[in-house]
Amino acid sequence: MDDAYVVGDPDGLTPLQAEIRDAVARELHAQFALRADRLDLADLPEVAYQVTRRVDEVLSGISSRRRTSADR
């Protein structure tokens, strides 16, 4: 059982999962705004690419923070 669930986190996500979810939601919101609240099938590869970039930023930030903590 996930610790987040045990301590009463209602969505049951770990902090990393919640951060990824939030990054994906922000990027999807931005993409919809850029495209006048409409996504065509032709837009999906670009949207998927941008979402992947946001997830990569989250994961890179995590590894960067871990390296910085280990250096102390």
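The shown structure was predicted, so the numbers you read here are calculated from the model rather than taken from an experiment. (Residues numbered from 1 in each chain as written. Predicted model: local features only at pLDDT ≥ 70, side-chain atom pairs only at ≥ 80, totals over all residues. Heavy atoms only, no water.)

A. Looking closely at the overall build of the chain. For the chain, the count of helices and strands is three helices and zero strands. Split into buried and exposed, the 72 residues of the chain put 17% on the buried side. For the chain, the proportion of contacts with a sequence separation of at least 24, taken over those separated by at least 6, is 42%. A total of about 5600 Å² of accessible surface is found on the chain, and carbon and sulfur atoms cover 57% of it. (Helix = DSSP H or I, 4+ residues; strand = E, 2+ residues; numbered from the N terminus. Buried < 20%, exposed > 50% of the residue type's maximum accessible area, 1.4 Å probe, protein only. Contact = heavy atoms within 4.5 Å. Areas by Shrake-Rupley, 256 points an atom, 1.4 Å probe, with all protein chains shown as cover.)

B. Quick peek at the side chain of Asp43. Position of Asp43 relative to the elements: it lies in the loop between helix H2 (15-34) and helix H3 (44-71). For Asp43, a relative accessible area of 17% corresponds to the buried category. Those residues in contact with Asp43, other than ones at most four positions away along the chain, are Arg35 and Arg38.

C. Layout of the pattern of salt bridges. Per the stated rule, a full pass over the model turns up five salt bridges. Between Asp43 and Arg35 there is a salt bridge, and its shortest N-O distance comes to 3.2 Å. For Arg54, the salt bridge identified is with Glu57, shortest N-O distance 2.6 Å. One end of the pair is Arg54 and the other is Glu57, both in helix H3 and three residues apart, which spans about a single turn. Judged by relative accessible area, which is 46%, Glu57 ranks as partly exposed. (Salt bridge = Lys/Arg side-chain N within 4 Å of Asp/Glu carboxyl O.)

D. Geometry of H2. Over its 20 residues, H2 extends 29 Å from the first C-alpha to the last, a length consistent with the 28 Å expected when each residue adds 1.5 Å. Every buried residue of H2 is listed here: Ala18, Ala23, Glu27 and Gln31. (Expected span 1.5 Å × (residues − 1).)

E. Broad picture of the confidence of the model for the chain. Chain-level pLDDT for the chain is 84 on average; 78% of the residues reach the 70-or-more range. Within the chain, the element-level pLDDT minimum falls on helix H1 (residues 3-6), averaging 50, and the maximum on H2, averaging 94. (pLDDT = per-residue confidence, 0-100.)

F. Examining unusual backbone geometry more closely. You will see that Ala36, though not glycine, has its phi angle at about 55°, which is positive. Structurally, Ala36 can be placed in the loop between H2 and H3. Backbone geometry at Asp37 places phi at a positive 60°, although glycine is not the residue there. You can see Asp37 is positioned in the loop between H2 and H3.

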